[in-house]
Amino acid sequence: MVSDRADETTPFLAMEVFRRASERADAVHLEVGEPDFEPPGYVVDAAVDALRRGDTGYTAAAGKLGLREAIADYYDRTYGVDVSPERILVTPGSSPGLLLACLATLDPGDEAVLTDPHYACYPNFVRQTGATVRTVELDATEGFALRPDRFAAALERDPEVLLLNSPANPTGAVMDGDTLREVVELAETRGTTVVADEIYHGLDYDVEARSVLEFTDEAFVTDGFSKRYAMTGWRLGWVVVPESYADVVNRLVQNLFICAPSFVQEAGRVALEREDDHLDRVRETYRERRDLLVDAVADWGHGLDLGYTPGGAYYLLVDVSELGDAFDVADRLLDEAGVATTPGVDFGPAAADYLRLSYATSMDRLREADRRISVWLADV
Ligand SMILES: Cc1ncc(COP(=O)(O)O)c(C=O)c1O
């Protein structure tokens, strides 16, 4: 018998759309959140060198000390916060970090609060612990901003966990420092543990993304190399935990994952230690793409008004309700225009009338998507 928890796990729709879109050689992929560039050459070299040296065994569960120190330095130089390497656990991608944070803080019957819209996988992480999900609806007319007062009612129920994501997938919304501080203080007064997914940090174009660790030492923070270093398939991330959780999370990693790949950890250390203009270039590239897509949407008409400017990550949500059901619109866009998009319902009921568009693709492909969608719209 399939367990209830396994059975209740929902599919990740964006990946399903990707599979279907991949059957069309000419499709423009606006459905996936996969960076289209390569990691810096010196990072690839570091991995290859480590492989050739035979750096392929298990490491300590928490990860190599050199990488954990490089991550601690990253927090110091980026946010001016002092994070001891003892609180940092290296994971195979940031997804295991999210699971570890949930496993370490939630019991069956507990409650975790998420925003709606939210990253599609969050409820499934929570469900694996037997806890339940409560959502706080964000308002499209406010650009899906995370307003502290929206969390107040949910936090009054003293949930065990509040999961935050800024810059956010799928909205692209970024919390400013004052808002983040206020939400963290609100959670702490209720004894709620904040879990912050900071995987899109560094991809902020207007307001600077601030780390939860600037405001508290008692939060869990997940981050990694997938997005800003374009290392999705390398599977390398980390979770920062409150000091009192370091031992228990270490035991969880020992049992569930053993460790992240050793030679990949070496590459991660080099990526962090080698200061160059990689991240600035990546940010500028995405900013340009964001501007192109935001302008394109503004010209599409047919009620496809964006109504906000996404300030980070590489996504935006477009309301397609005037064209019909979002699933049908996504199907038609793929079949008739060759443009793949993700129906918003993947990200919660508040996004059901929307399509998520990702601009993690080249300016040329974005221009082509704009051209195809404009032609398609002229006929609907
Ligand atoms: C908000 C968010 N968190 C986490 C992840 C997973 O990232 P990783 O590759 O580090 O597991 C993604 C991937 O798309 C994401 O969008």
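Keep in mind that this is a model prediction, so the values were computed, not measured. Per chain, the residues get numbers from 1 upward, laid out in the order the sequence is written. Given that the model is predicted, a residue must reach a pLDDT of at least 70 before its local features are reported, and side-chain atom pairs must reach 80 or more before they are shown or counted; all residues, however, enter totals for whole chains, interfaces and linings. Here the side-chain values reflect all heavy atoms present in the structure, with hydrogen atoms and water set aside.

Q: Please clarify how the nonpolar core should be interpreted in this entry.
A: Generally speaking, nonpolar side chains in soluble globular proteins are found buried as a group. One finds Tyr 75, Phe 151, Phe 225, Trp 300 and Leu 316 to be the most contacted residues of the largest nonpolar core, which totals 93 residues. Only DSSP runs of H or I covering at least 4 residues are called helices, and only runs of E covering at least 2 are called strands; the numbering of each starts at the N terminus. For this core, the leading source of residues is helix 11 (residues 278–300), giving eight residues. Viewed by domain, this core spans two of them, domain 1 (4–39 + 278–379) and domain 2 (41–273), each represented by three or more residues. Note on terminology: a nonpolar core comprises buried Ala, Val, Leu, Ile, Met, Phe, Trp, Tyr and Cys residues joined through side-chain atoms within 4.5 Å. Buried means the residue's accessible area, taken with a 1.4 Å probe over protein chains only, is under 20% of the maximum for its type, while exposed means over 50%, and partly exposed covers the values in between. Core analysis: the second largest hydrophobic core is formed by 27 residues, Tyr 119, Val 126, Val 161 and Val 239 among them. The split into domains, and so the bounds of each, comes from an automatic or database assignment of domains.

Q: Just checking my understanding: could you explain the pattern of salt bridges for this structure?
A: Once their charged atoms are close, side chains differing in charge can pair, the charge on each being opposite to the other. Definition used for salt bridges: Asp or Glu carboxyl oxygen within 4 Å of a side-chain nitrogen of Lys or Arg. Taken as a whole, this structure holds 31 salt bridges when the rule is applied. One salt bridge in this structure joins Lys 64 and Asp 55, with 2.6 Å as the shortest N-O distance. Neither Lys 64 nor Asp 55 differs from the other in exposure class; each is buried. The salt bridge partner of Asp 204 is Arg 283, with a shortest N-O separation of 3.2 Å. Taken together, the positions of Asp 204 in the loop between strand 6 (193–197) and strand 7 (220–224) and Arg 283 in helix 11 put the pair 79 residues apart, joining distant regions of the chain. Residues joined by salt bridges that share partners form a network here, namely Arg 53, Asp 55, Lys 64, Glu 266, Arg 269 and Glu 273.

Q: Hey, could you run me through the sheet that holds strand 2 (residues 88–91) in this one?
A: Across a sheet, strands are paired by hydrogen bonds formed along the backbone, either parallel or antiparallel in direction. In short, DSSP must find at least two bridges between two strands for them to pair. One open sheet accounts for seven strands, arranged 2-8-7-6-5-3-4; its pairing is mixed. Each of the sheet's edge strands pairs with one partner strand only, and the pair in question is strand 2 and strand 4 (132–137). Ignoring which end each strand starts from, the neighbouring axes of this sheet average 20 degrees apart. Contacts are assigned to residue pairs with any non-hydrogen atoms lying within 4.5 Å of each other. Note on method: axes are straight lines fitted to C-alpha atoms, helices fitted across the in-contact stretch only, with angles between N-to-C directions ranging 0 to 180 degrees. Here helix 7 (residues 148–155) sits on the sheet in contact with strand 3 (111–116), strand 4 and strand 5 (161–165), set at roughly 150 degrees to strand 4.

Q: Quick question: what am I supposed to make of the environment of Val 126 here?
A: Topologically, Val 126 is positioned in helix 6 (residues 122–127). For Val 126, a relative accessible area of 1% puts it in the buried group. Placed 95 residues apart in sequence, Val 126 and Glu 31 show a C-alpha to C-alpha distance of 24 Å. Apart from the residues within four sequence positions on either side, Val 126 is in contact with Cys 102, Leu 106, Ala 112, Ala 131, Thr 132 and Val 133.

Q: What exactly am I supposed to notice about the pairing of strand 9 (residues 315–319) here?
A: The two faces of a sheet get side chains in turn, since along a regular strand they alternate between them. In terms of burial, strand 9 is largely enclosed, as four of its five residues are buried. As paired elements, strand 9 and strand 12 (residues 354–358) share five bridges and run antiparallel to each other. Paired with Asp 319 across the bridge in strand 12 is Tyr 354.

Q: So what exactly am I meant to see when it comes to the site of the ligand here?
A: We call a residue near a given molecule or strand whenever any one of its heavy atoms falls within 4 Å of it. Taken together, 13 residues form the shell around the ligand, and within it Ser 94, Ser 95, Asp 197, Tyr 200 and Ser 226 come nearest. Contact between the ligand and Tyr 200: an oxygen atom at 2.7 Å from a side-chain N or O atom of the residue. Counting of polar contacts relies on pairs of N or O atoms within 3.5 Å, with two restrictions inside protein: one atom must be capable of donating a hydrogen and the other of accepting it, and residues adjacent in sequence are counted only when both atoms are side-chain atoms. Between the ligand and Lys 227 there is a distance of 2.8 Å, counted from an oxygen atom to a side-chain nitrogen or oxygen. To be clear on the numbers: accessible area is Shrake-Rupley with a 1.4 Å probe, and residue cover counts the displayed protein chains and nothing else. Protein chains shield 92% of the accessible area of the ligand, which is 400 Å² for the free molecule.

Q: Is there a simple way to explain unusual backbone geometry in this structure?
A: Among all residues save glycine, negative phi is the norm, and among peptide bonds the norm is trans. The peptide bond linking Asp 116 to Pro 117 adopts the cis configuration, its omega dihedral lying at 10 degrees. Relative to the helices and strands, Pro 117 is located in the loop between strand 3 and helix 6. Despite not being glycine, Ile 258 shows a phi value in the positive range, around 65 degrees. Turning to its location among the elements, Ile 258 is positioned in the loop between helix 9 (246–256) and helix 10 (262–273).

Q: When you look at the UniProt feature "domain: Aminotransferase class I/classII large" (unreviewed entry) in the chain in this model, what are you seeing that I'm missing?
A: UniProt positions are given in the numbering used here, feature names are shortened, and annotations may be inferred rather than shown by experiment. When the UniProt feature table is mapped onto this chain, "domain: Aminotransferase class I/classII large" (unreviewed entry) is found at residues 26–372. Taken end to end, residues 26–372 has its terminal C-alpha atoms 12 Å apart, with 38% of it in helix and 15% in strand.

Q: Can you walk me through the side chain of Ser 226 in this structure?
A: If you trace the backbone, Ser 226 turns up in the loop between strand 7 and strand 8 (237–240). The contacts of Ser 226, once residues within four sequence positions are left out, are Pro 35, Met 231, Thr 232, Arg 235 and Leu 236.

Q: I'm lost on empty space enclosed by the protein in this one. Help?
A: The probe, sized like a water molecule, is rolled over the atoms to show the empty space still left. A pocket here means an open set of points on a 1 Å grid, computed over the protein atoms alone, that has protein on both sides within 12 Å along at least five of seven lines. A cavity is instead a set of points where a 1.4 Å probe fits but cannot get out; residues with an atom within 4 Å of a point line either one. Grid points are joined across faces, edges and corners, and a volume is the space filled by probe spheres set on the points. Applying the stated rule across the entire model yields three cavities of 30 Å³ or more. Forming the boundary of the largest cavity are 16 residues, of which Thr 115, Pro 117, His 118, Asn 165 and Ala 168 lie nearest the centre. Secondary-structure elements contributing two or more residues to the lining of the largest cavity are strand 3 and strand 5. Top contributing element to the lining of the largest cavity by residue count: strand 5, with three residues. Gly falls in the polar group here, along with every residue not listed as nonpolar (Ala, Val, Leu, Ile, Met, Phe, Trp, Tyr, Cys, Pro) or charged (Asp, Glu, Lys, Arg). Considered class by class, the residues forming the lining of the largest cavity number eleven nonpolar, five polar and no charged. As a volume, the second largest cavity reaches approximately 80 Å³. Trp 300, Leu 304, Val 320, Leu 333 and Leu 355 are the residues nearest the centre of the second largest cavity, which is lined by 13 residues in total.

Q: What am I meant to see in the environment of Asp 49 here?
A: Structurally, Asp 49 can be placed in helix 3 (residues 41–52). On the accessibility criterion, Asp 49 (44% relative accessible area) is partly exposed. Between the C-alpha atom of Asp 49 and that of Glu 266, which follows or precedes it by 217 residues, the distance is 9.3 Å.

Q: Would you take a moment to explain the packing of aromatic side chains for this structure?
A: One pair of aromatic rings is described through two measures. These are the centre distance and the angle between the planes. Pairing of aromatic side chains here covers Phe, Tyr and the six-membered ring of Trp, requires ring centres within 6.5 Å, and sorts the geometry by plane angle: under 30 degrees stacked, over 60 edge-to-face, intermediate tilted. In the structure shown here, the tally under the stated rule is 18 aromatic pairs. A ring pair is formed by Tyr 286 and Tyr 314, whose centres lie 5.0 Å apart and whose planes are at 40 degrees; its orientation type is tilted. Of this pair, Tyr 286 sits in helix 11 while Tyr 314 sits in the loop between helix 11 and strand 9, and the two are 28 residues apart along the sequence. With relative accessibility at 0%, the residue Tyr 286 sits in the buried group.

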